[in-house]
Amino acid sequence: MITLGIETSCDETALALIETRGKESGTEVRVINSLVHSQADLHAPYGGVFPTLAKREHGKNLVPLLEKILVDTEKLGSSNFDQVISSFESELKASNPDLFESISNAEFLKVIPKIDRIAVTQGPGLEPALWVGINFSKILSKLWNVPLIPVNHMEGHILGSLLESDANKGQWQKLYELKAPSIALLISGGHTEIIKINSIGNYEILGQTKDDAVGEAFDKTARLLGLPYPGGRALSELAEKARQEGIVPTIKLPRPMINSGDLNFSFSGLKTAVLYTTKKIGQLSESIKKEIALEFENAVTETMESKVRKAIEETSAKSLFVGGGVSANISLRKKFKQIAEEYGIPIYLPTLHISGDNALMIALVGALHGEPSKIPPTLKASGTMRLAEIS
Ligand code: KG4
Ligand code: ZN
């Protein structure tokens, strides 16, 4: 079965094509291609993702990416291109002119490629951005007469870690075996959640942030240190330099909610503590910046460590998943590996490509989904969609 994944929840326009065979834990996957077009540079001057700009860019980028990803697919015949496009005209021309224009000129869509299903991110994310992918997927589903599977982006960040390799034109690979119950830690720019996985598609949120997401705290702290947006990675590189130079932080930052007795997080106080610290110091030297970066990363790592240990113990977890953009952080990865080893359980960490936003994880969730319902779903962008809330 060949699945096309579509992801437009934030500032990455992404498409992926995978082939799967077998079912559930026995599923084997072959990555055909996974393309990500990042808009990060365009949003950087705004210090965050600007939704209207993200929407316009997705509208412009999706069709060229699709043409590229379909190049080597087997072709099945002609599509009802003119008829389908005109049936979407009244709905799309005004609401999404960039997408409509680009799709109306896409000659390659007059031929049907061999694709069996389409998986699209329904939420959570920025609604104007999500709608672009959803509208695009609806047109393709009609053009190619294939079912459409709505996917929760966060489920993508979990199950994406079951892939050992993201190599394009890759070999057949068996997914890692999901040993349940399992604990998943989702850490990104918009989320910080601890989830209990009972089985694929059956999740319970055990804890989450009460305010800022951990990636947001990384980005805001990076900004206070004068690093460009999104600063998570640059901040962690600074912390790593400090570690290598043997710097021992004298500046102390809080470990918010570390003793709260539950599995929730809070990061806004940590960011405020950095703000006060930097204000008090005034001019920040390079070595002070390194020291703050290291202390900040230590505070995040220690908080995460304590919650993850608690979650593993309380649920007798048999495996640990980590996903989301912040899971690219080297120091956190090291710590989670050490924890899993201590408890004697496997850890599933995403590859670098899968830790950021991508459509490979969306295609995978779509492929692992059971038979699509006979009645096509009414897709609607859901900015705050929770796990297990597919409608
Ligand atoms: O999952 P993601 O690509 O987008 C969503 O938020 O959904 O995550 C992006 C977040 C940003 O806050 C970014 O600064 C952070 O992940 N990030 C990192 C690292 N690489 C990316 N944070 C800490 N250390 C890193 N190496
Ligand atoms: Zn994400």
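You'll find the structure just up there.
Residues numbered from 1 in each chain as written. Chains lettered and ligands numbered in written order. Predicted model: local features only at pLDDT ≥ 70, side-chain atom pairs only at ≥ 80, totals over all residues. Heavy atoms only, no water.

### Quick look at the coordination of the zinc ion (ligand 2)
Reference values for coordination geometry: four tetrahedral donors around a metal ideally subtend 109.5 degrees, six octahedral donors ideally subtend 90 or 180 degrees.
Moving on, step 1. Every protein donor of the zinc ion (ligand 2) is listed here as His153 (NE2), His157 (NE2) and Asp357 (OD), and their distances to the metal cover 2.1 to 2.2 Å.
Moving on, step 2. Between the 4 donor atoms coordinating the zinc ion (ligand 2), the angles at the centre fall across 88 to 149 degrees, so the site counts as irregular.
Moving on, step 3. Spacing between the donor residues of the zinc ion (ligand 2) along their common chain follows H-x3-H-x199-D. Of this pair, His157 sits in helix α6 (residues 153-159) while Asp357 is found in the loop between α12 (352-355) and α13 (360-368), placing the two residues 200 residues apart along the sequence. (Donors = N, O, S within 2.8 Å, 3.2 Å for Na, K, Ca; no water. Tetrahedral: all angles 85-135°; square planar, octahedral: opposite > 155°, others 65-115°. Helix = DSSP H or I, 4+ residues; strand = E, 2+ residues; numbered from the N terminus.)

### Description of the sheet that holds strand β11 (residues 202-208)
Moving on, step 1. Judged by pairing direction, the sheet is mixed, and its 5 strands sit side by side in the order β11-β10-β9-β12-β13 without closing on themselves. At either end of the open sheet lies a strand with only one pairing partner, and these are β11 and β13 (347-348).
Moving on, step 2. Inspection of the sheet shows strand β9 (residues 182-187) paired to strand β10 (residues 192-199) by 6 bridges, in the antiparallel sense. When the bridges of β10 are listed, Leu186 appears paired with Glu193.
Moving on, step 3. Sitting on the sheet, helix α10 (residues 286-315) is in contact with β9, β10, β11 and β12 (319-323), with an inclination near 155 degrees to β9. (Pairing = 2+ DSSP bridges. Contact = heavy atoms within 4.5 Å. Axes fitted to C-alpha atoms, helices over the stretch in contact; angles between N-to-C directions.)

### Describing the pairing of β11
Moving on, step 1. Taken together, the 6 bridges between β10 and β11 define a ladder with antiparallel strand orientation. Residue pairing across strands places Ile194 opposite Gly207, the latter belonging to β11.
Moving on, step 2. Hairpin connection from β10 to β11: 2 residues lie between these consecutive antiparallel strands, with Gly201 at a positive phi of about 90 degrees.

### Brief notes about the nonpolar core
Across soluble globular proteins, nonpolar side chains have a tendency to be buried as a group.
Moving on, step 1. Among the nonpolar cores identified, the biggest contains 43 residues, and Ile187, Phe296, Met304 and Phe336 are the most heavily contacted of them.
Moving on, step 2. Counting residues per element, the ones that place at least two in this core are β9, α7 (214-224), α8 (232-244), α9 (268-281), α10, β12 and α11 (330-343).
Moving on, step 3. Considering every element that reaches this core, the biggest residue donor is α10, with 10 residues.
Moving on, step 4. Excluding residues that lie within four positions of it along the chain, Ile187 makes contacts with Thr192, Val214, Met304, Val322, Gly323, Gly324, Gly325, Val326, Ser327, Leu332 and Phe336. (Core = buried A, V, L, I, M, F, W, Y, C linked by side-chain atoms within 4.5 Å. Buried < 20%, exposed > 50% of the residue type's maximum accessible area, 1.4 Å probe, protein only.)

### Focus: the sheet that holds strand β1 (residues 2-7)
Moving on, step 1. Spatial ordering of the open sheet is given by β7-β6-β1-β2-β3-β8, a layout of 6 strands whose pairing is mixed. Both edges of this open sheet fall to β7 (148-152) and β8 (173-174), since each of them pairs with a single strand only.
Moving on, step 2. Summarising the sheet, strand β3 (residues 28-38) and β8 pair through 2 bridges and their orientation is antiparallel. Along β8, the bridge assignment pairs Val29 with Gln173.

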